[in-house]
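If you want the building blocks of each chain, they are given just below.
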Amino acid sequence: MSSAAKAADAPSAAAPTARSARGGHLGYVDGARGIAAVYVALHHCWQIVWSETPHPLPFLWSLLDWLAYGSFAVSAFIAISGFSLMLPVARGDGRLPGGAWTFFKRRARRILPPYYF
């Protein structure tokens, strides 16, 4: 068998796909949600520092005026989060995998510890 035929029969390196190894998890959705969250945090910093008072350096204001649109990032974050929460239901033919009780237990385990600590 020639080396070209061996190379064709050998398993190819795993090409990056939209889904990761974790049960159909979409990494780019988490990335978009992370970008929206960072934009919201920057918007809040901008509001604290510059939104009410005139800035002494007008050129700096013109460089940072894009931060005034943080409310759109909040809407994007909420929409992407809703998409992420609904995705398992859509994939499960209208049913939550494991049922609602399992879903709420997982959510509580993920949300409550940082809330109390």
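Residues numbered from 1 in each chain as written. Predicted model: local features only at pLDDT ≥ 70, side-chain atom pairs only at ≥ 80, totals over all residues. Heavy atoms only, no water.

**Digging into the overall build of the protein chain**
So, step 1. Along its length, the protein chain carries five helices and zero strands.
So, step 2. When the helices and strands of the protein chain are read in sequence order from the N terminus, they spell out α-α-α-α-α.
So, step 3. Buried positions account for 15% of the 117 residues belonging to the protein chain.
So, step 4. A separation of at least 24 residues holds for 60% of the contacts in the protein chain among residues at least 6 apart in sequence. (Helix = DSSP H or I, 4+ residues; strand = E, 2+ residues; numbered from the N terminus. Buried < 20%, exposed > 50% of the residue type's maximum accessible area, 1.4 Å probe, protein only. Contact = heavy atoms within 4.5 Å.)

**Quick word on the confidence of the model for the protein chain**
So, step 1. Mean pLDDT over the protein chain works out to 78, with 74% of the residues at or above the 70 mark.
So, step 2. Here helix α1 (residues 3-9) stands out as the least confident element of the protein chain, with mean pLDDT 50; helix α2 (residues 27-49) is the most confident, with 90.
So, step 3. Under a pLDDT of 50 for its full length, residues 11-21 has, in the predicted model, nine contacts with residues more than four places off or in other chains. (pLDDT = per-residue confidence, 0-100.)

**Some points on the side chain of histidine 43**
So, step 1. Here histidine 43 shows up in helix α2.
So, step 2. With residues near it in sequence (within four places) discarded, histidine 43 still touches Leu67, Ala68, Tyr69, Gly70 and Ser71.

**Considering helix α4 (residues 70-91)**
So, step 1. The end-to-end C-alpha distance of α4 is 32 Å, a good match for the 32 Å that 22 residues give at a rise of 1.5 Å each.
So, step 2. Along α4, the helix axis deviates most sharply at leucine 85, where the bend reaches about 30°; the proline proline 88 sits within four residues downstream.
So, step 3. For α4, the complete set of buried residues consists of Gly70, Ala73, Ser81, Leu87 and Val89.
So, step 4. Each element contacted by the buried residues of α4 is listed here: α2.
So, step 5. Immediately downstream of α4, the backbone of aspartate 93 shows phi near 60°, a positive value. (Expected span 1.5 Å × (residues − 1). Bend = angle between axes of the 7 residues up to and from the residue.)

**Topic: the packing of α2 against α4**
So, step 1. In the contact formed by α2 and α4, the axes pass within 8 Å of each other and the chain directions differ by 150°. In terms of orientation, α2 and α4 fall into the roughly antiparallel class. In the packing of α2 onto α4, the handedness of the crossing is left-handed. Residue-level contacts link Val29, Ala32, Arg33, Ala36, Ala37, Tyr39, Val40 and His43 of α2 to Gly70, Ser71, Ala73, Val74, Phe77, Ile80, Ser81, Phe83 and Ser84 of α4.
So, step 2. For the contact of α2 with α4, the residue count by class is 11 nonpolar, five polar and one charged. (Axes fitted to C-alpha atoms, helices over the stretch in contact; angles between N-to-C directions. Parallel < 35°, antiparallel > 145°, perpendicular 65-115°, else oblique. Left-handed = near helix turned anticlockwise from the far one by under 90°. Nonpolar A, V, L, I, M, F, W, Y, C, P; charged D, E, K, R; others polar.)

**What about a positive patch on the surface?**
So, step 1. A surface patch of positive charge is lined by Lys105, Arg106, Arg109 and Arg110.
So, step 2. With respect to the secondary-structure elements, arginine 106 resides in helix α5 (residues 99-116).
So, step 3. Judged by relative accessible area, arginine 106 falls into the partly exposed class, the value being 35%. (Patch = residues over 30% accessible without salt bridge, like charges linked within 9 Å, V, L, I, M, F, W, Y side chains within 5 Å. Areas by Shrake-Rupley, 256 points an atom, 1.4 Å probe, with all protein chains shown as cover. Salt bridge = Lys/Arg side-chain N within 4 Å of Asp/Glu carboxyl O. Lys, Arg positive; Asp, Glu negative; His and termini not counted. Charge placed at Lys NZ, Arg CZ, Asp CG, Glu CD.)

**Here we look at the environment of valine 29**
So, step 1. Relative to the assigned elements, valine 29 resides in helix α2.
So, step 2. On the basis of relative accessibility, which here comes to 10%, the residue valine 29 falls in the buried class.
So, step 3. Apart from residues lying up to four places away in sequence, valine 29 is in contact with Ile80, Phe83 and Ser84.

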